[in-house]
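Report on the structure
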Amino acid sequence: MAYVTKSPWVIHYDGSSCNGCDIEVLACLTPMYDVERFGIINTGNPKHADVFLVTGSVNEQNIPVIKQIYEQMPEPKVVVAVGICATSGGVFKDCYNTMGGIDTVIPVDVYVPGCAARPEAIIDGVVKGLGVLGEKKAGNYKAAVVQADEEEVEVQSFGETTDDTAVATDKEEV
Amino acid sequence: MAKRTIIPFGPQHPVLPEPVHLDLVMEDETVVEAIPSIGYIHRGLEKLVEKNEWPEMVYVIERICGICSFGHGWGYCKSVEGNLGIEVPKRAEYLRTIWHELSRCHSHLLWLGLLADAFGFESLFMHCWRIRETILDIFEDTTGGRVIFSVCKVGGVRKDISNEKLAEIAKILEGIKKETAEICDVFIEDGSVKSRLVGIGTLSYDEAVELGAVGPMGRASGVAQDIRTDGHGAYSELESFAPVVETAGDSYARCLVRIGELKQSMEIIIEAIEKIPDGELEVVIKGKNPEGNFVARLEQPRGEAYYYSKGNGSKFLERIRVRTPTNANIPALVKTLQGCDLADVPILILTIDPCISCTER
C-alpha cells in the first residue's frame, strides 16, 4: 500500500444490481470495515471522484447514465466493476433486458467477482484500482486505456500481487 | 402564480444507493408535483423461469433484492409448495421464520441508518450500521452468506441451526436489544431528528387506503394490515402479536413503526427459538412437478409481497409473478411529495423504504 499517498474518493452507481453489492459497498464505509479512516469517501459528485464503483449489469436505459458519470470524472480515473453482474451479467446474463458487464460500455480496470461481493473483496479491488490510478497518473497506463475502446480490455495488475483469487485484475482469471 | 421549474432528481443521487428518477415540478421551493420514472434496474428475471427448472429458480428469485433476499426465496418456495401440495416440516418453518425476522431486523436497521444519513446525522448512521453487522455475522455463521443465503429450498431448508447455536443467537439478540434501545431513543426523542420528521409528508388514513399503501407506510397512517397475522409459517404458533400501528401518518410515525417492528421482530425470534421443535428439515420431492396456480403472500420488511406461480406439470414453470411492496407504495410517495419543501424530498423518498430492485426486477 506504499502508493496510497492520497485520499481517493469513490462514486458509486447501481447499474441493475439486486442491492446486495450496493449495501456491501456501503458496509465498507461503516464501522466494521471503515475505509473512511484511510480518507476514502463516498461522494455523490462525479467531478470529485477518482474511483468509479459500478454494481450490476448494463441495460439500454442506464447506459447513458453510466457514460455520463464516467465522462464527468476527471482524469486519471479508475473503474471497478463490483460483483459478478457488473463483471459479466452473472445470474441475469440470459435476461432479455441485460446486456452484459460494465465493460461493454466503459473500460473497466478491476473486476471484483462475487455474489454478493464481500466488503473485503471490494476494498481489495479498490486498493488494486489505486495502483492502476498511480500508474495512470505517472503516464504509464495510457496505451491500455486507448486500446480499451477497440478491443477487449487488457489490464495488468500493478502494485503488490498476492495469491488472493477473490479479486482478479485480469478478465481471463474471472 | 409563481414560475414553474422542473428539477430532475436521480437516477444517481447521493442519498439513495439505487437509481430512481423523479421530475420535481417546483414553484419556488415547494414541490407541486412529482413524476416518477422507473426502469433503470429492470432485468426481466421473471422470464428466466423458462430457462431454469423450478428447484433452481429459487436462486434467481433470491436475487430480486439483496436486502429482503430470504423473504423472496421463501415466498417463491411457498408458492411452488402450494402447487405441489406439500406440507413443510415444522422445524423448517421455524428456521425460515427466524431467518426472515432476522432479515427484517437488518433491513430496518439499514433503513434507520440511511434515514439518519439523509438528515445529516452521520454518527447515528454509523451506529445503526455497526449494530447491523452483528446480525450479518449471525447470517454468515448460520448460512455462509452475508446478504444472499440460498438456504431456502422448495420443501424445506438446506441447513439446520443447532440448538446450542440458537441459544447463542438468543443471547446475541439480548445484547442487540440493549444497543438498539439506545439508538432508538435518539430517533424518538432527539429534538433535531424530530424537527426533520414530525409533520413532514403526512398521509391520512383515507389516502393510505385509497392509494393502497402497504407495510410500515400504511401502518403509520393507521392501516392495521400485517400478513404475518394470517398465521403462515411458524407465526400461527407464536403468541399472537398485533401489527405496530401509528396514526399520525407523517415521517416520524413511519420511523416509529419501524422502530416498533425492530423490537417486535427480536421478541418473535427469541420466542421462536424457545419453541422450535426437533425434526426433519425438508420433504423429499421425487417425480412430481408443480401443476396449477398458487398465490403466496408474505410480510416483507417493506410490506406485503405477493408470489404467483403457474405450473404445467413439466420441469419448467409456465409463469411466475411477484408483486413487491415498493411498487404499491409509489403512488403514496407521489402523494406525500406534493406540497413538500425541496429539502425534504430525500427524506420523503426514504420514508417509504424504497427498494427499486424489488420494484423493477
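Look a little higher up for the structure.
Residues numbered from 1 in each chain as written. Chains lettered and ligands numbered in written order. Predicted model: local features only at pLDDT ≥ 70, side-chain atom pairs only at ≥ 80, totals over all residues.

Counting its secondary structure elements, chain A contains five helices and five strands. Written out in order from the N terminus, the α and β elements of chain A read β-α-β-β-α-β-α-β-α-α. (Helix = DSSP H or I, 4+ residues; strand = E, 2+ residues; numbered from the N terminus.)

Contacts between chain A and chain B engage 33 residues on the former and 35 residues on the latter. Mapped onto the side of chain A that touches chain B, the elements with two or more residues apiece are strand S1 (9–14), helix H1 (20–29) and helix H2 (63–72) of chain A. When residues in the side of chain A that touches chain B are grouped by element, the largest group, six residues, is from H1(A). Taken together, the residues of the side of chain A that touches chain B sort by class into 15 nonpolar, 13 polar and five charged. (Contact = placed C-beta atoms within 7 Å. Nonpolar A, V, L, I, M, F, W, Y, C, P; charged D, E, K, R; others polar.)

All right, on to the packing of helix H5 (residues 163–189) of chain B against helix H9 (residues 251–275) of chain B then. All names here are of chain B. Orientation of H5 relative to H9, taken along the N-to-C sense of each, is 165°, at an axis distance of 10 Å. Judged on the interaxial angle alone, H9 and H5 are roughly antiparallel. Crossing of H5 over H9 shows left-handed handedness. Within the contact between the two elements, H5 uses Leu166, Ile169, Ala170, Leu173, Ile176, Lys177, Thr180, Cys184, Phe187 and Ile188 and H9 uses Cys255, Leu256, Ile259, Leu262, Met266, Ile269, Ile270 and Ile273. Taken together, the residues of the contact of H5 with H9 sort by class into 16 nonpolar, one polar and one charged. (Axes fitted to C-alpha atoms, helices over the stretch in contact; angles between N-to-C directions. Parallel < 35°, antiparallel > 145°, perpendicular 65-115°, else oblique. Left-handed = near helix turned anticlockwise from the far one by under 90°.)

What follows concerns the environment of Pro17(B). Looking at the secondary structure, you find Pro17(B) in the loop between strand S1 (4–9) and strand S2 (21–27). You can call Pro17(B) buried: it has 21 C-beta atoms within 10 Å. The spatial distance from the C-alpha of Pro17(B) to the C-alpha of Lys90(B) is 38 Å, given a sequence separation of 73 residues. Among residues more than four places away in sequence, those in contact with Pro17(B) are His12(A), Asp14(A), Asp22(A) and Leu26(A). (Buried ≥ 20, exposed ≤ 12 C-beta atoms within 10 Å, placed from the backbone.)

Residue and element names in this part refer to chain A. Judged by pairing direction, the sheet is parallel, and its five strands sit side by side in the order S2-S1-S3-S4-S5 without closing on themselves. Both outer strands of the open sheet, strand S2 (41–42) and strand S5 (110–112), are each paired with one neighbouring strand and no more. Where S1 meets S2, two bridges bridge the pair, whose relative direction is parallel. Looking across to S2, one finds that Trp9 is bridged to Ile41. (Pairing = 2+ DSSP bridges.)

With that settled, the discussion passes to unusual backbone geometry. Residue Pro76(A) is bonded to the preceding Glu75(A) through a cis peptide linkage, with omega at -10°. Mapped onto the elements of the fold, Pro76(A) is located in the loop between H2 and strand S4 (78–82). Cis geometry marks the peptide bond from Cys115(A) to Ala116(A), where omega comes out at -10°. When you line up the elements, Ala116(A) lands in the loop between S5 and helix H4 (119–138). Phi is positive for Asn19(A), close to 90°, though the residue is something other than glycine. Here Asn19(A) shows up in the loop between S1 and H1. Non-glycine residue Ser150(B) carries a positive phi angle of around 55°. If you trace the backbone, Ser150(B) turns up in the loop between helix H4 (122–143) and strand S4 (152–153).

What follows concerns the nonpolar core. General note: in soluble globular proteins, nonpolar side chains tend to be found buried as a group. Ranked by internal contacts, the top residues of the largest apolar core, which has 157 residues, are Phe52(A), Val54(A), Val80(A), Ala81(A) and Val82(A). If you tally residues by element for this core, the top one is helix H3 (residues 90–118) of chain B, at 15 residues. Other than its neighbours up to four places away in sequence, Phe52(A) contacts Ile11(A), Ile69(A), Tyr70(A), Met73(A), Lys77(A), Val78(A), Val79(A) and Val80(A). (Core = buried A, V, L, I, M, F, W, Y, C linked by C-beta atoms within 7 Å.)

Once that is clear, we can look at the sheet that holds strand S6 (residues 291–300) of chain B. All names here are of chain B. Pairing is antiparallel across the open sheet formed by three strands, whose spatial order is S6-S7-S8. In the strand order of this sheet, the two ends are held by S6 and strand S8 (319–323), each with one partner. Put simply, the sheet's adjacent strands are angled 10° from each other on average, direction ignored. Of the pairings in the sheet, the one linking S6 to strand S7 (residues 303–312) comprises 10 bridges and is antiparallel in character. Counterpart to Arg297 in the pairing with S7 is Tyr306. Most of the contacts of helix H2 (residues 69–84) go to S6, to which it runs at about 150°, and overall it touches S6 and S7. Packed onto the sheet, helix H10 (residues 325–337) meets S6, S7 and S8 and runs at close to 130° relative to S7.

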